[in-house]
Amino acid sequence: MDFVTILFRGSHLYEFLIRNCSAGLRTCCADRNTCEGTEQLRISLEDNMEILVCVKQVPDDSVEIALDPKTGAPALDGVTPVVNAFDTYALEMAVRLKEAAGGEVTVLSIGDESVKNSLKNCLAVGADYAYLAADDAYQNADPEVIAKELQAAKAEIEEKTGKKFDIVFCGK
């Protein structure tokens, strides 16, 4: 198997990868702000990659959200939930990688039934499969619990499909 090692300095990794994924270099990263200092990636130049993208549903940030005067919490009634913008960047990079190297893109999210609309949007953007790890209490879970649930869901998908994911994308 061929590998390429790439050294990055600064915060331009995302732009670099967009340019080079479309040029046929099989690399990906979704978060342009995590590349402080020097980052080194060793990337397989393997064809037909199995790609997993973890996405989360958030309130639409293009809508003004007020605070509920009684509870002090955000008043989200009537606000349409959407996929987190950073996760859409991750999905875009995964789809570009799929187009460059071949393979399949699977999206995974944790949440209640309302997340299904966001997963349908991911399929429309270019994902091949979408999975929902149903958890009605995910809003109150801490990041470690969510990470463990994502890990367990990933393992379950791999077991059911008989395919191992070569790369996992996450936004912020």
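Structure first, text after, so check above.
Conventions we followed
Residues numbered from 1 in each chain as written. Predicted model: local features only at pLDDT ≥ 70, side-chain atom pairs only at ≥ 80, totals over all residues. Heavy atoms only, no water. Pairing = 2+ DSSP bridges. Helix = DSSP H or I, 4+ residues; strand = E, 2+ residues; numbered from the N terminus. Right-handed = clockwise from strand over helix to strand, strands pointing away. Polar contact = N/O pair within 3.5 Å; in protein donor to acceptor, adjacent residues only side chain to side chain. Contact = heavy atoms within 4.5 Å. Expected span 1.5 Å × (residues − 1). Buried < 20%, exposed > 50% of the residue type's maximum accessible area, 1.4 Å probe, protein only. Core = buried A, V, L, I, M, F, W, Y, C linked by side-chain atoms within 4.5 Å. Salt bridge = Lys/Arg side-chain N within 4 Å of Asp/Glu carboxyl O. Axes fitted to C-alpha atoms, helices over the stretch in contact; angles between N-to-C directions.

Some thoughts on the pairing of strand β7 (residues 129-134)
Logical step 1: As paired elements, strand β6 (residues 103-111) and β7 share six bridges and run parallel to each other. Within β7, the residue paired with Ile 110 across the bridge is Ala 133.
Logical step 2: Note that the unit made of β6, helix α3 (residues 115-125) and β7 has a crossover that is right-handed.

Observations regarding the side chain of Ser 118
Logical step 1: Of note, Ser 118 is situated in helix α3.
Logical step 2: A distance of 2.7 Å separates a polar atom in the side chain of Ser 118 from a polar atom in the side chain of Gln 57.
Logical step 3: Residue contacts for Ser 118: discarding those within four places in its chain leaves Gln 57, Pro 81, Val 82 and Val 83.

Digging into helix α2 (residues 85-101)
Logical step 1: The first and last C-alpha atoms of α2 sit 24 Å apart over 17 residues, in line with the 24 Å expected at 1.5 Å per residue.
Logical step 2: Looking only at α2, the buried set comprises Asp 87, Ala 90, Leu 91, Met 93, Ala 94, Val 95, Leu 97, Lys 98 and Ala 101.
Logical step 3: In the stretch just after α2, Gly 102 is the one whose phi turns positive, near 85°.

Looking at the nonpolar core
Logical step 1: Core analysis: the biggest nonpolar cluster contains 19 residues, and Ile 51, Val 53, Leu 91, Val 105, Val 107 and Phe 169 have the highest contact counts within it.
Logical step 2: At the level of elements, β3 (49-54), α2, β6 and α3 are the ones that each hand at least two residues to this core.
Logical step 3: In terms of residue count, α2 provides more of this core than any other element does, seven residues in total.
Logical step 4: The contact partners of Val 53, leaving out residues within four places of it in the chain, are Asp 87, Ala 90, Leu 91, Ala 94, Val 105, Thr 106, Val 107, Leu 108 and Phe 169.
Logical step 5: By size, the runner-up hydrophobic cluster in this structure holds nine residues, among which are Leu 52, Cys 54, Leu 108 and Ile 110.

Things to note about the pattern of salt bridges
Logical step 1: Taken as a whole, this structure holds eight salt bridges when the rule is applied.
Logical step 2: The partner of Glu 104 in a salt bridge is Lys 163, with the nearest N and O atoms 2.6 Å apart. Taken together, the residues Glu 104 in strand β6 and Lys 163 in the loop between α4 (143-161) and β8 (167-170) connect sequence positions 59 residues apart.
Logical step 3: One connected set of salt bridges, linked through shared partners, spans Lys 154, Glu 158 and Lys 164.

Section: the sheet that holds β8
Logical step 1: Spatially, four strands are ordered β7-β6-β3-β8 in an open sheet, and the strand pairing comes out parallel. Taken across any chain shown, the strands that pair with only one partner, and hence form the sheet edges, are β7 and β8. Strand-to-strand twist of the sheet, defined as the mean angle between neighbouring strand axes without regard to direction, takes the value 25°.
Logical step 2: Most of the contacts of α4 go to β6, to which it runs at about 140°, and overall it touches β3, β6, β7 and β8.

Purely geometric numbers; function is a separate question.
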